[in-house]
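# Structural overview for review
One letter stands for each residue in the lines below.
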Amino acid sequence: MVRCRLVCALLLAACCCCRRAAGVPGEAEQPEPELLEVEVGSTALLKCGASHSPGNFSHIDWFSVHKGKPTLIFRVRQGQGQSEPGEYQHRLSLEDKGTTLALTHVTPHDERIFLCQGKRPRSQEHRIQLRVYKAPEEPSIQVNALGISVNSREPEEVATCVGRNGYPIPQVIWYKNDQPLKEEKNRVHIQSSQIVESSGLYTLRSVLKAQLLKEDKDAQFYCELNYRLPSGNHMKESREVTVPVFYPAEKVWLEVEPVGMLKEGDRVEIRCLADGNPPPHFSISKQNLSTREMEEETTNDNGILVLEPAQKEHSGLYECQGLDLETTASLQSDQQELLVNYVSDVWVSPAAPESQEGSSLTLTCKAQSNQALEFQWLREKTGKVLEKGPVLQLHNLKREAGGGYRCVASVPSVPGLNRTQLVNVAIFGPPWMALKQRKMWVQKDTLLNLSCEASGHPRPTISWNVKGTASEQDQDPQSVLSFLNVLVTPQLLETGAECVASNSLGKNTTIIFLELDSSRTALNMSTVSPHTRANSTSTEKKLPEPESKGVVIVAVTVCVLVLAVLGAVLYFFYKKGKLPCGRSGKQEITLPPSHKSEFVVEVKSDKLPEEMGLLQGSNGDKRAPGDQGEKYIDLRH
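Residues numbered from 1 in each chain as written. Predicted model: local features only at pLDDT ≥ 70, side-chain atom pairs only at ≥ 80, totals over all residues. Heavy atoms only, no water.

### Focus on the overall build of the protein chain
For clarity, the cut-off: The way it works is that DSSP assigns letters per residue, a run of H or I at least four long becomes a helix, a run of E at least two long becomes a strand, and they are numbered from the N terminus. Here the term buried applies to any residue with accessible area under 20% of the maximum for its type, exposed to any over 50%, and partly exposed to those in between, with areas from a 1.4 Å probe on protein chains only. Contact criterion: two residues are considered in contact whenever any of their non-hydrogen atoms come within 4.5 Å of each other. Only the protein chains shown count as cover for residues, with accessible areas throughout obtained via the Shrake-Rupley method and a probe of 1.4 Å.
A count of helices and strands for the protein chain gives three helices and 50 strands. Counting over 637 residues, the protein chain shows a buried share of 38%. Within the protein chain, residue pairs in contact and separated by at least 24 positions form 62% of the contacts whose partners lie at least 6 positions apart. Counting every atom, the protein chain has about 37800 Å² of accessible surface; 52% of that belongs to carbon and sulfur.

So, in structure tokens, the structure goes:
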């Protein structure tokens, strides 16, 4: 019996030795495998142990161990490598003189143990644990756009975070206002799931659910992905998002735009505001000054009361009412006073001032306002400030003092708030006219437009002594401008036109003389002597008087022709040799007997040919003997 047991033990030991001698990998106990970390897509360099001598690599077999089962993938014989058919057939090669097996285009499926086994001189094994890593893409975050009510009794979805194509699965951490969130019963719940893509990479999806408070209406949420690479630990963050939070209003109030002092004419907006989301339904009321009751005002579609333009009647007490459509609770704001500053009812006394020359006149300006007023007087036609204050005194009046004066009532404390009133001062006197007479160049049988202006108080009337189409234009309450369209006839050329201005105090006349000018093609060229002005107190406004350009063109053409003829004559005598070109003295040229008239041609040596003058005279014009700067040519027979 003892012998039997001994024999069995010997046989078992022999079998084990035989299996080891046969080189079956993985049977004997092995140390921890060497760790090799690479990124997806890179090349993994598998070294078959650093302690082996070069002679040991002449006969090596490489295996991949997947789920405990080794599979031969590569053979090395006498330094030459050969891939075995299978998934690694085209991705393996030898490097470093056969000591290293290179695995290209690493994928997540390559994360396993690789084993190399040498058979000579004795069986040796080396295991390598390949770890594969891939950084996920930038995380995307999708917020719950529908929002969360603070009245919810359980956590609701806040946002969803997605990290794609990472390996291994990244870890997600949620943050609120830069503070990490952790699972909290009935308050915070984080639900994560992952999908394995066909490439072996993972897509992580994480949903954050939470119960939110009113204070979370501006909270910033984001997610963070933590992952590892051969270089170490890394992380990526999503963008920050804010989820709509719904909560009932606790307070409503009024807001007025623009802020500050309001004035008549402004565009004023009155709106209700509340601290709830969504805001309640608003209505705006104003106090009736008669009944002291609040009466609802009409607002636009946005619940805003627009006052445009604002008037002083818009001043008063306003309040806002808010109705929560979910809870049916009603809220009311505090009353707020609206003040529209104004200046109104500006008037001047006397309303129609008139006075005699040499006398004095006092103008008084008054206005109403809810603020302190300042007054000043301006001359209407010049804009010059004449007086600061409500009273303007005019002394020793002359005719020039007639016309417009403007009172300006303004509120210094409210920029831009002012009102004005214009008053015209009339000075009694006969009509004044700018000119006593004037002259116009006209053409016969053309339509002529005459104008005549007069001023005075009472306001004058204007009449003409010729028939035509007349029209008037009021310049101001004391001035009138009259126009007359008339045909130029021989009778009109002989008599001229007379403009007569008259009022109850006298009359004045302006005579327009017409002269025919055939060389002119345009009308209304007036010439006025300074001694013919009717008076020095006013200035006539003349209509534009066009001037002909044809006269200038004709004159220039004639001059050019004369110069051309002169140049031709001189050139002819020069070619005949009868025209010397000396610097001084006179030369005589004999003309044919038929030329009875005598000519003297004077040529200045310092002028161009175009500037030569042709002088006519009998026996020539005599020059002083000392005048040596000119040449003379005596053309006579």
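Now that the structure has been shown, we can carry on.
### Describing the pairing of strand 44 (residues 497-503)
A regular strand places its side chains so that they alternate between the two faces of the sheet. Stated formally: Note on pairing: DSSP must find at least two bridges between two strands before they are called paired.
Here strand 44 lies mainly inside the structure; five of its seven residues are buried. Where strand 41 (residues 461-464) lies against strand 44, four bridges are found, and the strand directions are antiparallel. Residue pairing for strand 44: W464 is matched across the bridge by C499. Here strand 44 folds back onto strand 45 (residues 506-516), and the loop between the two strands holds two residues.

### Comments concerning the side chain of E269
Using the following cut-off: Polar contact is the term for a pair of N or O atoms within 3.5 Å; when the atoms are in protein, one must be able to donate a hydrogen and the other to accept it, and sequence-neighboring residues count only if both atoms are side-chain atoms.
Mapped onto the secondary structure, E269 falls in strand 22 (residues 268-274). Separated by 3.1 Å, the side chains of E269 and R271 make a polar contact. Those residues in contact with E269 that lie beyond four places of it in its chain are E255, V256, E257, I304, L305 and V306.

### Digging into the sheet that holds strand 31 (residues 354-355)
As summarised here, the arrangement of the five strands in space is 31-37-36-33-34, forming an open sheet in which the pairing is mixed. Edge positions in the open sheet fall to strand 31 and strand 34 (385-388), since each of these has one partner strand only. As defined by bridge partners, strand 36 (residues 403-410) adjoins strand 37 (residues 418-427) across eight bridges and the pair is classed as antiparallel. Note that in strand 37 the partner of R406 across the bridge is L422.

### What about the pattern of salt bridges?
Definition in use: Salt-bridge detection follows one rule: a side-chain nitrogen of Lys or Arg within 4 Å of a carboxyl oxygen of Asp or Glu.
Going through the model one piece at a time under the given rule, you end up with 22 salt bridges. For D275, the salt bridge identified is with K214, shortest N-O distance 3.5 Å. One end of the pair, D275, is in the loop between strand 22 and strand 23 (281-287); the other, K214, is in the loop between strand 16 (202-210) and strand 17 (221-229), with 61 residues separating them in the sequence. For K214, a relative accessible area of 23% puts it in the partly exposed group. In this structure, the salt-bridge partner of D218 is K217, at a minimum N-O distance of 2.9 Å. The exposure class assigned to K217 is partly exposed, which follows from its relative accessible area of 34%.

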